[in-house]
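Structural description and commentary
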Amino acid sequence: MRIIHCADLHLESPLKNILSAEKGKERRDELLDNFDRLIDYANDNSVDIILVAGDIFDRGTRRKSAVKHIIESVKNNPDIDFVFLKGNHDTGGVFDDEYDIPENAKLFDQNNWKKYEYGDVVIKGVELSKDNYKDVALSLVLDPGKCNIVTLHSGAANYEGEKEIYEVNFNDLKNKNIDYLALGHIHKYEREQLDDRGIYVYPGCLEGRGFDETGKKGFVLLDIGEDNKIVDTFVPFAKREIHRLEVEVSPSDDMKDVIDNVHRTIDDIPNKDLVEVVLVGKTNMNELVDIDIRRIKREFDDKFYFFKLKDNTTVEIDYASFANDKSLKGEFIRLLEKQDISDEDKSLIVELGIKALKGENLDI
């Protein structure tokens, strides 16, 4: 038997924070298309079950066309069972009551464990709530002679802080005859030992949506042999990978050097991906080379699906060279050195102060 364990599809995510309105809509459609790609993979690789461990949708206000798309995709693939668990983003439920749910779409109940049996393989799960999450493990009973897959949408932190998440104490799940604890909520792949018998796995999200979701994204493929032993493999699957990379700037660099360093860092990244470059390090206070953000963006905007740039550099202050300087600039630097403020604030003040002394416009 083969099972796909995925989670956190977050279909209908608005994607307003990083993308333009046009690309946001395009990317939202790509997330929906990913579900069809997942089904194609399942058909091509003899997968029997697709297990989605929560957060199929991103929010309560979702397009009816998107919900119908998922239901029709399930219905059109009757040889695959789709086991859906409600997540904290699935407001009201996985699907609304107005839809006819296909027979091969399997849902769990709130507060009570429900199981689906496939010979010796048992998939058991429950929707978490404020009334059950603290003691839900106490009511979990599993046959030690079966291959037991337990699914929950539970995590150690409230993702983005806007939705309530109920965290189950994993210690309460130990020695419960769990072979594989299929989890959702954490958006990166994690695999750890639960106890002597079983493991717990977060597959991560199927596709990254922001620059806090970088790296390989995908699902976990479970191969269950005749001995009921599970072999689990992480399968990268995202259409577009998200990259966040730091580029070091040194005081001796001019703008050509900075751009060359960015090229060396990101030129091997596929142009279909999303890239954020963060400039870090020090600039020279005497030369005070401005980091021309617009120039760098022009250089790379067309090379990727989306390109973002942040300037987190600070000015390197050479106090020693101004120890005996009798100019207004020297007096300014010596006075600043005595101030009880952070180095980061001093760096910003030096940059603004030197620009002011030069009569330049201050971009504040």
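Throughout, a residue's number is its position along its own chain's written sequence, starting from 1. A pLDDT threshold of at least 70 governs which residues receive local features in this predicted model, and a stricter bar of 80 or more applies before side-chain atom pairs are shown or counted, although totals over entire chains, interfaces and linings include all residues. As a rule here, side-chain values cover all heavy atoms of the structure and leave hydrogens and water aside.

As for the overall build of the protein
Counting from the N terminus, the helices are DSSP H or I runs at least four residues long and the strands are E runs at least two residues long. In terms of helices and strands, the protein carries six helices and 16 strands. For each residue, the accessible area found with a 1.4 Å probe, counting protein chains only, is set against the maximum for its type, and the residue is called buried under 20%, exposed over 50%, and partly exposed in between. For the protein, buried positions account for 50% of its 364 residues. Contacts were defined at the residue level, with two residues in contact if any of their heavy atoms lie within 4.5 Å. Put simply, 68% of the contacts in the protein that link residues at least 6 apart link residues at least 24 apart. On the protein, roughly 18200 Å² of surface is accessible, and the fraction owed to carbon and sulfur atoms is 43%. Shrake-Rupley sampling with a 1.4 Å probe provides the accessible areas, and residues are treated as covered by the protein chains on show and by no other component.

Observations concerning the confidence of the model for the protein
For the protein, per-residue confidence averages 86 on the pLDDT scale, and 85% of positions sit at 70 or higher. Each residue carries a pLDDT score, the predictor's own confidence in it, on a scale running from 0 to 100. pLDDT under 50 marks residues 157-162. Its contacts with residues more than four places away, or in other chains, come to 15 contacts.

Brief notes about the sheet that holds strand β2 (residues 49-52)
Judged by pairing direction, the sheet is mixed, and its six strands sit side by side in the order β4-β3-β2-β1-β11-β12 without closing on themselves. Strand pairing shows two members of the sheet lacking a second neighbour, β4 (105-107) and β12 (230-236), which therefore form its edges. Averaged over neighbouring strand pairs, the angle between their axes works out to 20 degrees when direction is ignored. At least two bridges found by DSSP between two strands is the condition for calling them paired. The pairing of strand β1 (residues 2-6) with strand β11 (residues 218-224) spans four bridges and is antiparallel. Bridged to Ile 4 within β11 is Leu 221. Packed on one face of the sheet, helix α1 (residues 21-44) meets β1, β2, β3 (81-84), β11 and β12 and runs near 160 degrees to β1. To get an axis, fit a line to the C-alpha atoms, keeping to the stretch in contact for a helix; angles then go from 0 to 180 degrees between the N-to-C directions.

Topic: the pattern of salt bridges
For this analysis, a salt bridge means a side-chain nitrogen from Lys or Arg found within 4 Å of a carboxyl oxygen belonging to Asp or Glu. In the structure shown here, the tally under the stated rule is 20 salt bridges. A salt bridge links Lys 115 to Glu 117; the nearest nitrogen and oxygen atoms lie 3.6 Å apart. For Lys 115, a relative accessible area of 45% gives the class partly exposed. As a salt-bridge pair, Arg 209 and Glu 213 come within 3.6 Å of each other at their nearest N and O atoms. Residue classification places Arg 209 among the buried residues on the basis of a relative accessible area of 12%. Taking the relative accessible area as the measure of exposure, Glu 213 reaches 2% and is therefore buried.

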